[in-house]
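# Notes for the structure review
Spelled out from the first residue to the last, the chains are:
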Amino acid sequence: MRPQNYKVSHFDEIDSTNTQLAAAARAGALDGTVYWADFQSAGRGRLDRVWEAPPGSCLMASVLLREPGVAEERLHGVTSVVALSLLQALEELDIAGVSMKWPNDLVVGERKLAGVLAELVEAPPHTTVVVGFGVNVTYAGPDEAKATSLEQISGRAMDRAGLLDAMLTRLAENRLLMRDDEGWVQLTRLVEANCSTIGQEVSVEMGDQQVVGIACGLSPHGHLLVENDDGVVELATGDLTRVRATGA
Ligand code: BT5
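Residues numbered from 1 in each chain as written. Predicted model: local features only at pLDDT ≥ 70, side-chain atom pairs only at ≥ 80, totals over all residues. Heavy atoms only, no water.

## Thoughts on the nonpolar core
Within soluble globular proteins, side chains that are nonpolar generally end up buried alongside one another. Heads up, the rule is: Buried residues of nine kinds, namely Ala, Val, Leu, Ile, Met, Phe, Trp, Tyr and Cys, make up a nonpolar core once their side-chain atoms join them within 4.5 Å. Only protein chains enter the accessibility calculation, which uses a 1.4 Å probe; a residue is then buried when its area is under 20% of its type maximum, exposed when over 50%, and partly exposed in between. Helical segments are the DSSP runs of H or I of at least four residues, strand segments are the runs of E of at least two, and each set is numbered from the N terminus. The source of the domain bounds is an automatic or database domain assignment. Throughout, a residue-residue contact means that at least one pair of heavy atoms, one from each residue, lies within 4.5 Å.
One finds L90, L106, F133, V135 and L150 to be the most contacted residues of the largest nonpolar core, which totals 53 residues. The biggest single contributor to this core is helix 2 (residues 76-92), with nine residues. Split by domain, the residues of this core number at least three in each of domain 1 (7-193) and domain 2 (200-245). In this structure, V135 is in contact with C58, L59, L86, L113, A114, L150 and L163, ignoring residues within four places of it in sequence. Core analysis: the next-biggest nonpolar cluster, separate from the first, contains 12 residues, A24, A29, L64 and A123 among them.

## A look at the environment of A42
Relative to the elements of secondary structure, A42 occurs in the loop between strand 2 (33-40) and strand 3 (58-66). The class of A42 is partly exposed, set by a relative accessible area of 38%. Taking the C-alpha atoms as reference points, A42 and D15, 27 residues apart in sequence, are found 4.6 Å from one another. In contact with A42, other than residues within four places in its own chain, are D15 and S16.

## Some words on the side chain of D38
Cut-off, in case you're wondering: Polar contact is the term for a pair of N or O atoms within 3.5 Å; when the atoms are in protein, one must be able to donate a hydrogen and the other to accept it, and sequence-neighboring residues count only if both atoms are side-chain atoms.
Looking at the element boundaries, D38 is found in strand 2. Reaching out from D38, the side chain makes a polar contact with the side chain of H10 at a distance of 2.9 Å. At 3.0 Å, the side chain of D38 forms a polar contact with the side chain of R160. In contact with D38, other than residues within four places in its own chain, are H10, F11, D12, P54, P55, G56, M60 and R160.

## Things to note about the domain arrangement of the chain
To keep things clear, this is the line we draw: Simply put, the buried area is the total loss of 1.4 Å probe accessible area from both parts when two parts are fitted together. Counted as salt bridges are all cases of a side-chain nitrogen of Lys or Arg within 4 Å of a carboxyl oxygen of Asp or Glu.
For the chain, the assigned domains read domain 1 (7-193) and domain 2 (200-245). Taking only C-alpha atoms, the centre of domain 1 and the centre of domain 2 are 23 Å apart. Each side of the interface is counted separately: domain 1 has 16 residues, and domain 2 has 17 residues. Across the domain 1/domain 2 interface, buried area totals approximately 1400 Å², and carbon plus sulfur atoms make up 53% of it. If you sort the residues of domain 1 by the area they bury against domain 2, E73, H76 and W102 come out on top, with a joint share of 43%. With its nearest N and O atoms 2.5 Å apart, the salt bridge here joins E110 to R242.

## Notes on the pattern of salt bridges
Pairing between side chains of opposite charge can happen when their charged atoms approach one another. Per the counting criterion, the structure on display carries 10 salt bridges. Two residues, D239 and R49, come together in a salt bridge whose shortest N-O distance is 2.4 Å. In this pair, D239 is assigned in strand 12 (residues 239-244) and R49 in the loop between strand 2 and strand 3, connecting sequence segments 190 residues apart. The class of D239 is partly exposed, set by a relative accessible area of 23%. On the basis of relative accessibility, which here comes to 37%, the residue R49 falls in the partly exposed class. Ionic pairing is found between K112 and D105, a salt bridge with its closest N-O pair at 2.8 Å.

## Comments concerning the packing of aromatic side chains
Note the following rule: Pairing of aromatic side chains here covers Phe, Tyr and the six-membered ring of Trp, requires ring centres within 6.5 Å, and sorts the geometry by plane angle: under 30 degrees stacked, over 60 edge-to-face, intermediate tilted.
Enumeration over the complete set of coordinates arrives at one aromatic pair. Their ring planes at 65° and their centres at 4.9 Å tell us that F11 and Y35 sit as a pair that is edge-to-face. Of the two residues, F11 sits in strand 1 (residues 7-14) while Y35 sits in strand 2, which places them 24 residues apart along the sequence. Looking at F11, the relative accessible area reads 26%, which means it is partly exposed. Assessed through its relative accessible area of 15%, Y35 is described here as buried.

## Here we look at the packing of helix 2 against helix 4 (residues 160-178)
The following threshold applies: Throughout, an axis means a line fitted to C-alpha atoms (over the contacting stretch in the case of helices), and angles, computed between N-to-C directions, take values from 0 to 180 degrees. Note on terminology: angles under 35 degrees are roughly parallel, angles over 145 are roughly antiparallel, angles of 65 to 115 are roughly perpendicular, and the others are oblique. A clockwise turn of the near helix away from the far one marks a right-handed crossing, whereas an anticlockwise turn of less than a right angle marks a left-handed crossing.
With their axes 8 Å apart at the nearest point, helix 2 and helix 4 run at an angle of 130° to one another. With respect to each other, helix 2 and helix 4 are oriented oblique. Crossing of helix 2 against helix 4: the hand is right-handed. Contacts between helix 2 and helix 4 involve V78, V81, V82, L84, S85, L86, Q88, A89, L90 and E92 from the first element and L163, A166, M167, R170, L171, N174 and M178 from the second.

## As for helix 1 (residues 17-26)
Put simply, the rule reads: Of all possible arcs, the one meant is that of the directions from the helix axis to the C-beta atoms.
When we look at burial in helix 1, the residues that qualify are T17, N18, L21, A22, A24 and A25. End-on view of helix 1: buried residues confined to an arc of 160°, all on one side of the axis.

Printed below as a string of structure tokens:
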């Protein structure tokens, strides 16, 4: 069941649900406004990358969150909370084997199934975030060796509106947890438990900085902890690649 406080608009075609929802946020759109589209002509990933999918092949949606009570340092964690909500929705719909790749992907093994893009919007008086996500339903990404789709992993084409509803329901529950310290710790532990990055040897790039080490956990703010000879480094975000498996 879709929680009543979302206001959902569907578009056959749009440039980018994130771009348009950010514009709507600046014009006063309310918390819980959701845009989703069959096709994006200028879909965006992080750092000016492109998110692409043929019409109707991918669930592409953005949610507007106004979170007056959530501290700025936790906002990076919003990406993880949205990814977690998606993962929980997929589990509810009997899709197994999906895990989170820090900071913003859902993967099956090493293949990308979904990506999340959270952007802060200057829209006073509250801290405002537009969080977009793309989940491949029948399209297995621009590079099939690196990506996958729900159809590929489950043999069925999932109804995108149903998946959106399930995800928004989980997000509404998780947002309640986000608002207090205890709930935040609970969410971080859930993200950690579902994050296949933890335990891997990784290389993380942030601008011209690079950190290599073992991803050993998440901080209370949801930042990645990477351990190497220099100690433990805490990373709010970055581009992560796996160096090699360290465990089973
Ligand atoms: C992301 O960025 O993964 C965030 C993607 C967010 C997309 C949603 S769709 C709704 C909303 N509106 C938008 O305009 N965006 C959001 P990043 O981690 O930077 O990954 C981007 C990279 O993923 C690209 O450079 C490609 O290599 C790859 N890619 C592009 N389209 C893909 C797809 N459909 N499936 C898998 N990988 C893809």
